[in-house]
Amino acid sequence: MLTPEIESLIARLPKAELHLHIEGSLEPEMLFALAERNAVTIPFDTVEAVRAAYSFSNLQDFLDIYYQGMSVLQTERDFYDLTWAYLERAKADAVRHVEIFFDPQGHTERGIALETVLNGIDSALKAAETRLGITSRLIMCFLRHLSEEEAEATLDQALPHLDRIHGVGLDSSELGHPPAKFERVFARARALGLHVTAHAGEEGPPAYVREALDLLKVERIDHGNRALEDPALVHRLARDGMTLTVCPLSNLRLCVIDRIEDSPVRRMLDLGLKVTVNADDPAYFGGYINDNFRAVAAALDLTADQLVALAKNSFAGSFLPEAEIARHLSAIDEAARG
Ligand code: ADE
Ligand code: ZN
């Protein structure tokens, strides 16, 4: 149970969202609207049938449906509408800065040009800065179930657009696709001045988190749950102030945890880790960022100070310049005073 004070604090705390796949914000209503607009056939008759299909036993179960859902995204306007809908929703949750992921290979392999995807997403991000006061960074993820050569080709395609792409990430099926597989393409991305982050330790073992740090030289770990199985790794992550972008409702819906009470958020805070709370794929996992905050605050009995720490970690772990981070941290202190 949440007290009204904690509810109100969560609602007003300024936040950065650091782990959000834009394609995972495709709500069933928009799935239908875009299917109709683009004359794409989808295997569902109603919004209720879509939601009923969102029952997953593991990450792969979800990914199969997630990639299928992308088939309705065809034009620049589709990517704009998708991104704008997310940003408006984020605004309602007091999100002030977003660093969103997109999966170029999920689109280029369907014959959609990278430029189409990028133009749509980027123009919504630019509009959000002026109309919603939300700043942003865009992170291009490589699909780890594909080869490193395919990731290299994706990076090649992105070269003319690096003014609009700020970083690279690594997502999709984790087990059997360790970070080591992408060591060279990440080295090239870093040499190009791109920020680097990777999903690790969602389903994969602590060794994958170590590889992400040692071989990919990531600046953040996305998820990182299973790092907790390795005390020496926890010590290292805490010592280095590494940001972990945890996604509680995603973890629950993908059976990474059995109950929301098993979310690692509080344990990570207690261990001195820079944990953040994020939505991952909100349309599929039943909640946006504040839903995630409320779920862990209630289940883990988080204090106001812990919620403030989570919000501060989100800006401190962002790719914003220090002066902007400092401004957001002051705004959090102000919001916390009520
Ligand atoms: N792609 C979209 N969401 C993902 C997740 N939670 N893990 C890995 N790949 C993803
Ligand atoms: Zn993710």
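Notes on the structure in this doc start here. Counting from 1, residues in each chain are numbered in the order their sequence is written. Starting at A for chains and at 1 for ligands, labels are handed out in the order in which the entities are written. Note on the predicted model: pLDDT of at least 70 is required for a residue's local features to be given, and 80 or more for side-chain atom pairs to be given and counted; whole-chain, interface and lining totals, by contrast, use all residues. Heavy atoms throughout the structure, all of them, feed into the side-chain values; hydrogens and water do not.

**Points about the coordination of the zinc ion (ligand 2)**
Any N, O or S atom lying within 2.8 Å of the metal counts as a donor, with the limit raised to 3.2 Å for Na, K and Ca; because water is left out of the atom set, some sites can appear incomplete. Around the zinc ion (ligand 2), the donor atoms from the protein are His19 (NE2), His21 (NE2), His199 (NE2) and Asp280 (OD), and they sit 2.0 to 2.3 Å away. Angular criteria define each label, namely tetrahedral for four donors with all angles between 85 and 135 degrees, square planar for four and octahedral for six donors with opposite donors over 155 degrees apart and remaining angles between 65 and 115, and irregular for whatever fails these tests. One can describe the donor arrangement at the zinc ion (ligand 2) as irregular, given that its four donor atoms subtend angles of 85 to 176 degrees at the metal. All donors to the zinc ion (ligand 2) come from one chain, and their sequence spacing reads H-x1-H-x177-H-x80-D. Of this pair, His199 sits in strand β5 (residues 195-200) while Asp280 is found in the loop between β8 (274-277) and α14 (282-285), placing the two residues 81 residues apart along the sequence. Across the pair, Asp280 and His199 agree in class, each one buried. Helix and strand assignments follow DSSP, with helices taken as H or I runs no shorter than four residues and strands as E runs no shorter than two, numbered in order from the N terminus. Three exposure classes are used, based on accessible area relative to the maximum for each residue type with a 1.4 Å probe and protein chains only: buried under 20%, partly exposed in between, and exposed over 50%.

**Some thoughts on the site of ligand 1**
If a single non-hydrogen atom of a residue is within 4 Å of a molecule or strand, that residue counts as near it. The full set of residues close to ligand 1 is His21, Leu59, Phe62, Leu63, Tyr66, Asp171, Ser172, His199, Glu202, His223, Asp280 and Asp281. Whenever two N or O atoms come within 3.5 Å, that pair is a polar contact, provided that in protein one can donate a hydrogen and the other can accept it, and provided that, for residues adjacent in sequence, both atoms are side-chain atoms. His21 has a polar side-chain atom sitting 3.3 Å from a nitrogen atom of ligand 1. Surface accessibility follows the Shrake-Rupley procedure with a 1.4 Å probe radius. Residue values consider only the protein chains on display as shielding. When ligand 1 sits alone it has 260 Å² of accessible area, and the protein chains cover 100% of it. Broken down by element, the shell around ligand 1 gets its largest block of residues, four residues, from helix α4 (residues 59-69). Under this grouping Gly is polar, as are all residues other than the nonpolar Ala, Val, Leu, Ile, Met, Phe, Trp, Tyr, Cys and Pro and the charged Asp, Glu, Lys and Arg. Residue composition of the shell around ligand 1, by class: four nonpolar, four polar and four charged.

**Observations concerning the side chain of Arg137**
Mapped onto the elements, Arg137 comes out in strand β3 (residues 135-143). Charged residues are defined narrowly, with Lys and Arg counted positive, Asp and Glu counted negative, and His plus the chain ends left uncounted. Whenever Lys or Arg places a side-chain nitrogen within 4 Å of a carboxyl oxygen from Asp or Glu, that contact is recorded as a salt bridge. Glu99 provides the closest opposite charge to the buried, unpaired Arg137, separated from it by 5.0 Å. Those residues within four positions of Arg137 in sequence are excluded, and the remaining contacts are His97, Val98, Glu99, Ile100, His166, Phe319, Leu320 and Pro321. When checking whether two residues touch, look at their non-hydrogen atoms; a contact exists if any pair is within 4.5 Å.

**A closer look at the environment of Asp240**
Its place among the elements puts Asp240 in the loop between α11 (231-239) and β7 (243-246). A relative accessible area of 43% places Asp240 in the partly exposed class. Sequence separation between Asp240 and Leu273 is 33 residues; the distance between their C-alpha atoms is 9.2 Å.

**Remarks on the packing of aromatic side chains**
Within 6.5 Å between ring centres, the rings of Phe, Tyr and Trp (the latter by its six-membered ring) count as paired, and their orientation is classed by plane angle as stacked under 30 degrees, edge-to-face over 60, tilted in between. Under the defined criterion, the tally for this structure stands at 11 aromatic pairs. Ring geometry for Phe56 against Phe62: centres 5.5 Å apart, planes inclined by 75 degrees, an arrangement best described as edge-to-face. Summarising the burial analysis for this pair, Phe56 and Phe62 share the class buried. Aromatic side chains Tyr80 and Trp84 sit 6.3 Å apart centroid to centroid with 10 degrees between the ring planes, which places their arrangement in the stacked category. Here Tyr80 pairs with Trp84, and both are found in helix α5 (residues 76-92), just four residues apart, close to one helical turn. Among the aromatic residues, those joined into a cluster by ring pairs are Tyr54, Phe56, Phe62, Tyr66, Tyr67, Tyr284 and Phe285. A cation over a ring is seen here: Lys15 above Phe293, with NZ or CZ 5.7 Å from the ring centre. We call a charge positioned over a ring when the NZ of a Lys or the CZ of an Arg lies within 6 Å of the ring centre and within 35 degrees of the ring normal.

**Focus on the nonpolar core**
If you look at the biggest cluster of nonpolar residues, it comprises 106 residues, and the most contacted ones within it are Leu87, Phe102, Val265 and Leu307. Element by element, the count of residues in this core is highest for helix α7 (residues 114-131), at eight residues. Those residues in contact with Phe102 that sit more than four places away from it in its chain are Ile22, Glu23, Leu114, Val117, Leu118, Ile121, Leu138, Ile139, Met140, Cys141 and Ile165. Side-chain atoms within 4.5 Å are what join buried Ala, Val, Leu, Ile, Met, Phe, Trp, Tyr and Cys residues into a set we call a nonpolar core.

**A word on the pairing of strand β4 (residues 167-171)**
With five of five residues buried, β4 lies mostly within the body of the structure. Strand pairing is assigned whenever DSSP identifies at least 2 bridges connecting the two strands. Relative to β4, β3 runs parallel, the two being bridged by five bridges. Residue pairing in the sheet places Cys141 in a bridge with Gly169 of β4. A clockwise path from the first strand over the helix to the second, with the strands pointing away from the viewer, defines a right-handed crossover. The parallel pair β3 and β4 is bridged by helix α8 (residues 148-158), and the resulting crossover is right-handed. As paired elements, β4 and β5 share two bridges and run parallel to each other.

**What about helix α15 (residues 289-300)?**
Note: α-helices contain 3.6 residues per turn, so residues at a spacing of three or four share the same orientation. In this model α15 runs 16 Å from its N-terminal to its C-terminal C-alpha over 12 residues, within 8% of the 16 Å that 1.5 Å per residue would give. Of the residues making up α15, those classed as buried are Ile289, Asn290, Asn292, Phe293, Ala295, Val296, Ala297 and Leu300. Immediately downstream of α15, the backbone of Asp301 shows phi near 55 degrees, a positive value. A helix is expected to span 1.5 Å multiplied by its residue count minus one.

**Examining helix α2 (residues 28-37)**
If you check which residues of α2 are buried, you get Pro28, Met30, Leu31, Leu34 and Ala35. Looking straight down α2, one finds its buried side chains confined to an arc of 155 degrees; they lie on one side. Those residues of α2 hidden inside the fold are in contact with α3 (47-53), α4 and α5. Taken from the residues just after α2, Ala39 is the one with a positive phi, measuring 55 degrees. Each C-beta atom gives one direction from the helix axis, and the arc is the one those directions make.

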